[in-house]
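Residues per chain, in single letters:
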Amino acid sequence: MPKRIVVTKLGGPEVLQYQEYDLPNELPKSSVRIKQTSIGLNYIDTYHRTGVYPLAIDFPFCPGLEAAGNVIEVASDVKNFKIGDRVAYSFSPPLGAYCEIRDFQADKLVKLPEYISNDEAASILLQGMTVEYLFERLYKLKKDEKFLFHAAAGGVGLIACQWARSIGAKMIGTVSTDEKSKLAKNHGCAFTINYKNDDVYENLLKITNEELVNVVYDGVGKDTFKISLDCLNFRGLLVSFGQSSGMIEDVNLHSTFNPKSLYFTRPTLMHYIRNKSELEISSARLFSKIKNKEIKTNIFKAFKLSDASEAHNLIQSRKSMGSIILNP
């Protein structure tokens, strides 16, 4: 029987359990059956496990939003996939990626080009498409534009460094160590600020010749919210796309955003790949960047699926520098 990880109750990594499960006898309509070889671990998985993002599903449930593998069965009404195709998916409900075999809706899958391995796809699809919509569709970064991006040496951050370099934008990235600063710069981050040692606001002004920035990308949340606001120019945009340090506390909208007529958005990738067309646009842009060697994958560590709890401990330690994957 195939095996999977399930969340038995809300809590720490210890609530992740490895168990056998049954597959349906019949493949659902418009679906394919995937033998998964690589599963992406993303910070949002910890939010589902702990209840930071409440889920309207029963316990136990299988977590995970991203994986890659090989098609082993195809429903009769599916015409654009065949047995043997290498495919991947990301951030398309329902949850359930932490498993060996799963059935998935064909219109939510992308075929993998020959120059991207299954491990690479699982390590970069969600994070790469996140950067695509952040930089290309939510706010269109311009050549030579300076902007602030928190956690520049994380999985999303390292892709952001490379994407910014590819379009000529000048990313100012916050990091916590000199090692992470070096890593971010090697990936294309134009400037780094070590927030453990230096004042982010004062150092940003030095970099920009006393100019504030028009956009800040903040996936950290509570710890960086005020810094992000301070660094924004009049009518600037704060893009809050995550909260690795915790949820932003309740704010007074008038006193927080009115003094500089700031914009605020709380986006999610799911809303930028709502249909097959948007999914193909986003993934094609990412794949093109990879093919042209403008972006490279960075797998920090691979764990066995059975060791998912250990992988969750690592990603929450904020000591990883790149992507983490699980291999069934």
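Just above sits the structure.
Residues numbered from 1 in each chain as written. Predicted model: local features only at pLDDT ≥ 70, side-chain atom pairs only at ≥ 80, totals over all residues. Heavy atoms only, no water.

A. Molecular detail of the nonpolar core. Ranked by internal contacts, the top residues of the largest apolar core, which has 85 residues, are Tyr98, Phe135, Phe147, Phe149, Met171 and Tyr217. Sorting elements by how many residues they give to this core places helix H2 (residues 118-138) first, with 11 residues. In contact with Phe147, not counting residues within four places along its chain, are Phe135, Leu141, Ala164, Ala169, Lys170, Met171, Ile172, Val213, Val215 and Tyr217. Leu148, Phe225, Leu232 and Phe257 belong to the second largest nonpolar core, which has 15 residues in total. (Core = buried A, V, L, I, M, F, W, Y, C linked by side-chain atoms within 4.5 Å. Buried < 20%, exposed > 50% of the residue type's maximum accessible area, 1.4 Å probe, protein only. Helix = DSSP H or I, 4+ residues; strand = E, 2+ residues; numbered from the N terminus. Contact = heavy atoms within 4.5 Å.)

B. Structural detail: empty space enclosed by the protein. Scanning the entire structure with this criterion turns up one cavity of 30 Å³ or more. Ser123, Ile124, Gln127, Gly155, Leu158, Ile159, Gln162, Lys296, Thr297, Asn298, Gly322 and Ser323 are the residues that line the largest cavity. Contributing elements (two or more residues each) for the lining of the largest cavity: H2 and helix H3 (155-167). Ranked by the residues each element gives to the lining of the largest cavity, the list is headed by H3, at four residues. Residues of the lining of the largest cavity, tallied by class, amount to three nonpolar, eight polar and one charged. (1 Å grid on protein atoms, 1.4 Å probe; cavity = no way out; pocket = protein on both sides within 12 Å on 5 of 7 lines; lining within 4 Å. Points joined across faces, edges and corners; volume = space filled by probe spheres on them. Nonpolar A, V, L, I, M, F, W, Y, C, P; charged D, E, K, R; others polar.)

C. Focus on H3. Over its 13 residues, H3 extends 19 Å from the first C-alpha to the last, a length consistent with the 18 Å expected when each residue adds 1.5 Å. Within H3, 10 of the 13 residues are buried, which leaves the element mostly enclosed by the surrounding structure. Within the span of H3, buried status applies to Gly155, Val156, Gly157, Leu158, Ile159, Ala160, Cys161, Gln162, Trp163 and Ala164. A positive backbone phi angle near 85 degrees is found at Gly168, which sits one or two residues after H3. (Expected span 1.5 Å × (residues − 1).)

D. Structural view of the side chain of His150. When you line up the elements, His150 lands in the loop between strand S8 (146-149) and H3. Its relative accessible area of 2% is what places His150 among the buried residues. Among the polar contacts listed, one links the side chain of His150 to the side chain of Thr174, at a separation of 3.2 Å. There is a polar contact of 3.0 Å between the side chain of His150 and the side chain of Ser228. Setting aside residues no more than four positions away along its own chain, His150 makes contact with Thr174, Val216, Tyr217, Asp218, Val220, Thr224, Ile227 and Ser228. (Polar contact = N/O pair within 3.5 Å; in protein donor to acceptor, adjacent residues only side chain to side chain.)

E. Focus on the side chain of Ser282. Structurally, Ser282 can be placed in helix H8 (residues 276-291). Ser282 has contacts with Met129, Glu132, Arg137 and Ile273, leaving out every residue within four places of it along the chain.

F. Representation of the sheet that holds strand S10 (residues 191-194) in the model. Taken in spatial order, the six strands make up an open sheet running S10-S9-S8-S11-S12-S13, and their pairing is parallel. Two strands in the sheet have a free side with no partner beyond their single neighbour: S10 and strand S13 (263-265). Here the average twist between neighbouring strands, direction ignored, is 20 degrees. As paired elements, S8 and strand S9 (residues 170-175) share four bridges and run parallel to each other. Bridge pairing in S9 links Phe149 to Gly173. (Pairing = 2+ DSSP bridges. Axes fitted to C-alpha atoms, helices over the stretch in contact; angles between N-to-C directions.)

G. Unusual backbone geometry, seen in detail. Omega for the bond connecting Phe59 with Pro60 falls within 30 degrees of zero, at -10 degrees, which places this linkage in the cis form. Looking at the element boundaries, Pro60 is found in the loop between helix H1 (43-50) and strand S4 (66-74). Note that the residue after Pro93, namely Pro94, is joined by a cis bond; omega there is 5 degrees. Within the secondary structure, Pro94 is located in the loop between strand S5 (86-90) and strand S6 (101-105). If you check the backbone angles, Ser30 has positive phi at about 65 degrees while not being a glycine. Inspection of the secondary structure assignment puts Ser30 in the loop between strand S2 (16-20) and strand S3 (31-41). Among the residues examined, Ser30 registers a relative accessible area of 27% and is labelled partly exposed.

H. The arrangement of the state of the cysteines in detail. A complete count under the given rule lists zero disulfides for this structure. Among the cysteines around Cys99, which has no disulfide bond, Cys62 carries the closest sulfur, lying 5.0 Å off. (Disulfide = S-S within 2.5 Å.)

I. Spatial organisation of the pairing of S9. In terms of burial, S9 is largely enclosed, as five of its six residues are buried. After leaving S8, the chain enters H3 and then returns to the sheet as S9, a path that is right-handed. Bridging between S9 and S10 involves four bridges; their strand directions are parallel. Across the sheet, residue Ile172 finds its bridge partner in S10, namely Phe191. (Right-handed = clockwise from strand over helix to strand, strands pointing away.)

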